[in-house]
Amino acid sequence: MISIAKPFVTATAVLLVAAVIPPAASQEVSSQIQAQAPANVDYPQLAAQVIEAPLIVDATVRSTSRIRGEEAIGLAPGHVRYYVTADVLSLIRGTTAIPSRIGYLVDLPFDSRGRAPNLRRLRVILFARPVPGRADQVQLLSNDAHYDWSPERDSLIRQIAREVVSPDAPPEITGVGNAFHTPGDLPGQGETQIFLLTARNDPISLSILRRPDGSRNWAVSLGEIVGEGSRPPERDTLLWYRLACGLPGQLPESNVAADLPEHAAIVREDYQYVLESLGLCRGSGTPTPNVGW
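Okay, so let's go over this structure. (Residues numbered from 1 in each chain as written. Predicted model: local features only at pLDDT ≥ 70, side-chain atom pairs only at ≥ 80, totals over all residues. Heavy atoms only, no water.)

Observations concerning the packing of aromatic side chains
In step 1: Following the criterion strictly, the structure yields three aromatic pairs and no others.
In step 2: Ring geometry for Tyr43 against Trp240: centres 6.4 Å apart, planes inclined by 75 degrees, an arrangement best described as edge-to-face. Here Trp240 lies in helix α4 (residues 238-246) and Tyr43 lies in helix α2 (residues 43-52), a separation of 197 residues in the sequence. In terms of burial, Tyr43 and Trp240 fall into one category: buried.
In step 3: Sitting above the plane of the Trp149 ring, Arg123 keeps its charged end 3.9 Å from the centroid.
In step 4: For the cation-ring pair, Arg216 lies above Tyr273, with the distance from its terminal atom to the ring centre recorded as 4.4 Å. (Phe/Tyr/Trp six-rings, centres within 6.5 Å; stacked < 30°, edge-to-face > 60°. Helix = DSSP H or I, 4+ residues; strand = E, 2+ residues; numbered from the N terminus. Buried < 20%, exposed > 50% of the residue type's maximum accessible area, 1.4 Å probe, protein only. Lys NZ or Arg CZ within 6 Å of the ring centre and 35° of its normal.)

A short note on the packing of α2 against helix α3 (residues 151-165)
In step 1: Between α2 and α3, whose axes approach to 10 Å, the crossing angle comes to 50 degrees. In terms of their interaxial angle, α2 and α3 are classed as oblique. In this structure, α2 meets α3 at a crossing whose hand is right-handed. Contacts between α2 and α3 involve Tyr43, Leu46, Ala47, Val50 and Ile51 from the former and Arg153, Leu156, Ile157, Gln159, Ile160, Ala161, Glu163 and Val164 from the latter.
In step 2: By residue class, the composition of the contact of α2 with α3 is 10 nonpolar, one polar and two charged. (Axes fitted to C-alpha atoms, helices over the stretch in contact; angles between N-to-C directions. Parallel < 35°, antiparallel > 145°, perpendicular 65-115°, else oblique. Left-handed = near helix turned anticlockwise from the far one by under 90°. Contact = heavy atoms within 4.5 Å. Nonpolar A, V, L, I, M, F, W, Y, C, P; charged D, E, K, R; others polar.)

Notes on the sheet that holds strand β11 (residues 205-210)
In step 1: Taken together, four strands build an open sheet; the order of strands is β9-β10-β11-β12 and the sheet is antiparallel. The strands lining the two open edges of the sheet, one partner per strand, are β9 (173-183) and β12 (216-221). For this sheet, the mean angle separating the axes of adjacent strands, direction not counted, is 15 degrees.
In step 2: Sheet analysis places strand β10 (residues 190-198) next to β11, joined by six bridges and oriented antiparallel. Within β11, the residue paired with Thr192 across the bridge is Ile208. (Pairing = 2+ DSSP bridges.)

Remarks on unusual backbone geometry
In step 1: A positive phi angle, near 60 degrees, is found at Asn201, a position not held by glycine.
In step 2: Looking at the secondary structure, you find Asn201 in the loop between β10 and β11.

Overview of the pairing of strand β2 (residues 55-67)
In step 1: As paired elements, β2 and strand β6 (residues 123-131) share six bridges and run antiparallel to each other. Looking across to β6, one finds that Asp58 is bridged to Ile125.
In step 2: Summarising the sheet, β2 and strand β3 (residues 79-93) pair through 11 bridges and their orientation is antiparallel. Paired with Ile56 across the two strands is Arg93, which belongs to β3.

Observations regarding the environment of Gly223
In step 1: Mapping Gly223 onto the fold places it in the loop between β12 and α4.
In step 2: Judged by its relative accessible area of 25%, Gly223 falls in the partly exposed class.
In step 3: Along the primary structure Gly223 and Ser205 are separated by 18 residues, whereas in three dimensions their C-alpha atoms are 7.7 Å apart.
In step 4: Among all residues touching Gly223, those that are not within four sequence positions of it are Pro203 and Ser205.

By themselves, these observations are geometric and do not establish any function.
Following this line, the structure appears as structure tokens:
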């Protein structure tokens, strides 16, 4: 593997693409990228990887070497294993500097025609971790952590990265705490409050208001009290991700055991109402593990 010492890139340093790729080739690469990068991007999948990855790298593939034989042990059928050398354009996230040229291993599927993918000059975004003792090498979090670059994907990843490191970032939800329903003065009126458990013990709660006409609305609060300005989170934000992907699919019975049976039933209904409002957490499956070193 290449281990020549290279200049280092920090999270605040950005190398211009023009310095890496000649102008004529840059237009060719741009067209190739636009054709390969899907228009839709999956917020939950990207958010999970942004949260987990010590390094998020924007890079251009310089060269690839196909790994065969015994060195390709564990390679899934219909896939090819590459050792990739890439020029770093920017470090989107990372606490330590990395060289301007890095290497990594990746397993990728053959295309629809049964051909190995051509990565050369392709711009990519990598979710990775450092390799101990090898500053010029990184290890992908998984084979799902190697993305073709696109403006939409780049913008979304940077947005999520900013949300994650923000001082007021919503905490990771680890479970559901106390939950109870308080009836109102009129039939059908009332409020359900559900308190959530978090990794940092930060207060976060849900409030569901029921009206006599049968309508409901809910809000989330990151403080001790649900204020008048509280409301449901916007979709594809970190708070939405924490709720949609962190809440259990059903309210544990122990959380409403102390409430009256009729009130407990309302709490369970309101909890399901919140889950339905949030929608499914797409792209949150277990990623395919990447090859080790």
